[in-house]
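Structural features, examined
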Amino acid sequence: MPATPPVNVPEPSRTDPALIRNFCIIAHIDHGKSTLADRMLQITGVVDARQMRAQYLDRMDIERERGITIKSQAVRLPWTAPDGQIHILNMIDTPGHVDFTYEVSRSLAACEGAILLVDAAQGIEAQTLANLYLALENDLQIIPVLNKIDLPAAQPEKYAAELAHIIGCDPEDVLRVSGKTGVGVPELLDECVRLVPPPIGVKDAPARAMIFDSVYDSYRGVVTYVRVIDGDLKKRERIQMMSTGVTHELLEIGVISPEPKPSDGLSVGEVGYIITGVKDVRQSRVGDTITSLHHGATEALGGYKDPKPMVFSGLYPLDGSDYPELRDALDKLQLNDAALVYEPETSVALGFGFRCGFLGLLHLEIVRERLEREFNLELISTAPSVVYRVVMEDGTEHTVTNPSEFPGGKVAEVHEPVVRATILAPSEYIGTIMDLCQTRRGVQIGMDYLSEDRVELRYTLPLAEIVFDFFDALKSKTRGYASLDYETTGEQESALVKVDILLQGEAVDAFSAIVHKDKAYNYGVEMTKKLRELIPRQQFEVPIQAAVGARVIARENIRAIRKDVLAKCYGGDISRKRKLLEKQKEGKKRMKMVGRVEVPQEAFIAALSTDDSGGKK
Amino acid sequence: MPSAPPDGLPVPEDGSLPASALAEFAGASRPFGFYVHVPYCASRCGYCDFNTYTATELGGSASQGSYADDAIAEIRLARRLLGEVDRPVETVFFGGGTPTLLPAADLARILGAIRDEFGLAAGAEVTTEANPESVDPAYLDTLLAGGFNRLSFGMQSARRHVLQILDRRHTPGRPEQCVADARAAGFEHVNLDLIYGTPGESDEDWRASLDAVLGARPDHVSAYALIVEDGTRLAGRVRRGELPMPDDDVLADRYLMADEAFTAAGLGWYEVSNWATDVAARCRHNELYWTGADWWGAGPGAHSHVGGVRWWNVRHPAAYAQRLAGDTSPAQAREVLTAEDRRVERILLELRLSDGVPRSLLTEVGRKAADRAVVDGLLLPLAGDRVVLTLRGRLLADAVVRDLVD
């Protein structure tokens, strides 16, 4: 294996497209993509052993710790093929999770080939399968690879057969590598040169480059990753974003190998980065087409979409005085996250916060975790909600992302988003999974055996049923063996109602929920019970009701407190009593008032935080 | 006194008080009292978190024999610190601990020192707490001769199994006998203390205790809900699940039973936990605490209040004796009350009394809260623009106070 880069390597902007191979790696989260990428960096000599560190390409700490890659990057690797010709391999790292399907699709659109990387001890997962289908849709050359063949639990024969069955190749064509030991990696690189088609573009046409990733860097501003489809981009020229018409100067252009290396430009078929000095990834959007300002292209590349938030949740600081910090933190995160949207929101129960929109649940979790970790905020989030379209009898329409905004009055129809879900699991769990999907209002659309004992189930499910705890339930019911992928496919009309939770007749916004009418009763019973346990007794009886419109469907009572007095009061007790009173007064200030009912914020938080927010069984 | 003293400011070594406190003390028309804390018990009761020690716990370091001399030394120090102001003592109260573990003559000698240094007002109330098992007629005669005129017996319950949980050593019936003995000896005022809500106590047990008290015909009764204080043996037993925590609803029921029985027997409430046959039978010493009057607390851990300054003595008898032997003040720390502190204290103390609180003491927010509490049936308007707790309000007094002090 070469330890140093070969000489006479083609330079960026002067590379013959015939020598270029653009490919990505499609893999499940823990199937060893980053480790394989590490080996490729070493074997091609762009990183020496001294500089090597695990998961080299995953920049953010949070990614390194969770072992997942959120932001993709492109690395230029020189590789001498068996014919002695030095080729340029551009390895494009793809995001690995369901919430980032659109980003994945753009990364795939930047490639001509894809390594389908599967753990030889686990087999393919639903997410990988979904991305594989995406790659096939993009006409990518697939190179099937089993990783971790060094593991004692590896079953390469079994999973090679499975992969061959899925993509329709010979099991003998499935490569076997170990990212950990490096076994098979040089052969894999040779196969990339042999199998992945070189890019085809028009060199003399006006420049068209597709943005497949955009990352905010606090020193450089936004770093944008592009694949040049036609023509070329040159250092210091003025460019234009075709979706917005906004123009920028190319302050820097170059390739990553694996550190940024500025170049004179990027030409047809090449992959690299540009820096224009913009500070917000919204000004450099994934999927957009970049062209030259002068003699630019008139037609953008296809496939651009605005990121569309699918899941909404209220984020509130535990300590109300942290509200300005939360706002600043969201402002900063948004610089690097074009899909994150938010607007101020107030809640009786939780005070001031933000209604935030996310691509999905993982996106929500990542944002929340970054807010807590990087900005030292303690947060409470309300139950995730999807976007409902409510049509009234008079024909007016409302878009509802927060259950408390569900319109009163005569509702004619409620539409909710639905997804096409793919579940892969050992066949022994078919019954369990079908039961689960049934209770979540799923409709089966298909089932296929991937191998004798592995099955693929396809369902249409309301997104709302998935955003709660579907994945956790699926995992626990299949002892962790099932994997899930889904994509939104539209909306359906459903018998949905809003359940309000009332304390002494006053609705508590944070607990309103939009649920199927068959589940309204369950939600009401569970929530009222939970609140009865969490809310301290008051000087008067407090009824807790769950109601759909004016109809009460569940009721609990918090009995009035009857004794709140310390019996004794001697001379030595007075200071202590006064100090206790001062402390209690402080505590009282932190109480949230719902009508006359004093509720400690902790009670709201506990009711929202518990794993099961009710009504979902 | 409570187990944990509050944090406070340091006290000068000689114990001297701020000039403002001395000036207020000299010019005040309110009563002045003396509390004497006797920190000894034959054994420690499982529920008790008072500053008290058994002979074993002390290990001979601060003997009961020298206690009277130490207390007298502090009384003399009090005289020096308060100056030659003519404020005869209206009330004296010996508490503990178990004051009657000391020879009656020692108690009389301490009272004598108070009389010598400050003078006793005509008709002064002089009380000692007494354990039913530690007094006999001869002891009572000595106390009476020494100037005592009021006795307070710790009865707690008429039921053997309840007394056992409380670690009380006397047998049922004994406190009632003590009341008769006290009357026979010539004591004008006798109190019985009761505790309700002890784990294992039934409504019927409580009823029996109430009947026993009323049968003994004291002119004063105190009834306290059992408080499971942190750090006590009882708290440990509750924590380990050996005994149930007293339930607030049960405590409320017991209180209502007590108030009904006492009222029917002619004992009227005048403070949340205290009932008396008439105004003259009320404990004037406790009233002094509840109305922000001045008192000097002598003895280990005792609290004092003079002219807006509160302080508390070191808690251990040995440390206490050592301070006095070195001619330094036994005060450990003190606090100087602000006008707002005193307003808040007045509300939280006076609201517990049957005379109630003047509305003029409340802010506008507090007055609104009072109006609300009247509507809610927790307060009752009295003549003279005062408000007083209703029966239900007494059980929620702390909650009402929280609303009124805003």
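Look up: the structure comes first, before these words.
This structure is a prediction, so every number in the text was calculated from the model and none was measured.

We now examine the interface of chain A and chain B. If you look at the interface, chain A gives 28 residues, while chain B gives 47 residues. In this assembly, chain A packs against chain B so that about 3,700 Å² is buried in total across both faces, 52% of it on carbon and sulfur atoms. There are 13 salt bridges connecting chain A and chain B. The residue R537 of chain A makes a salt bridge to D249 of chain B at a minimum N-O spacing of 2.8 Å. Where chain A touches chain B, the interface holds 21 residue pairs in polar contact (both at pLDDT 80 or more). Considered class by class, the residues forming the side of chain A that touches chain B number eight nonpolar, five polar and 15 charged.

Moving on, we come to the side chain of S209 of chain B. All names here are of chain B. When you line up the elements, S209 lands in helix α8 (residues 203-216). Its relative accessible area of 0% is what places S209 among the buried residues. Residues within four places of S209 in sequence aside, it is in contact with M155, S157, A158, R159 and L194.

All names here are of chain A. Read across the sheet, eight strands follow the order β11-β10-β16-β7-β8-β15-β12-β13 without closing on themselves; strand pairing throughout is antiparallel. The open sheet has two free edges, formed respectively by β11 (247-249) and β13 (260-262), since each of these has just one partner strand. Within the sheet, the average angular offset between the axes of one strand and its neighbour, ignoring direction, is 40°. Sheet topology places strand β7 (residues 208-217) next to strand β8 (residues 221-230); nine bridges connect them, and they run antiparallel. Its bridge partner being in β8, S214 is matched across the sheet by T224.

Further remarks concern the sheet that holds strand β14 (residues 379-382) of chain B. Residue and element names in this part refer to chain B. A sheet is described by the order of its strands in space; here three strands give the open sequence β13-β15-β14, paired in antiparallel fashion. Of all the strands in the sheet, just β13 (357-358) and β14 have a single pairing partner and so form its edges. Strand direction decides the pairing type here: β14 and strand β15 (residues 386-389), joined by four bridges, are antiparallel. Residue pairing for β15: L380 is matched across the bridge by V388.

Rules behind the numbers
Residues numbered from 1 in each chain as written. Chains lettered and ligands numbered in written order. Predicted model: local features only at pLDDT ≥ 70, side-chain atom pairs only at ≥ 80, totals over all residues. Heavy atoms only, no water. Contact = heavy atoms within 4.5 Å. Buried area = accessible area lost by both parts, 1.4 Å probe. Salt bridge = Lys/Arg side-chain N within 4 Å of Asp/Glu carboxyl O. Polar contact = N/O pair within 3.5 Å; in protein donor to acceptor, adjacent residues only side chain to side chain. Nonpolar A, V, L, I, M, F, W, Y, C, P; charged D, E, K, R; others polar. Helix = DSSP H or I, 4+ residues; strand = E, 2+ residues; numbered from the N terminus. Buried < 20%, exposed > 50% of the residue type's maximum accessible area, 1.4 Å probe, protein only. Pairing = 2+ DSSP bridges. Axes fitted to C-alpha atoms, helices over the stretch in contact; angles between N-to-C directions.

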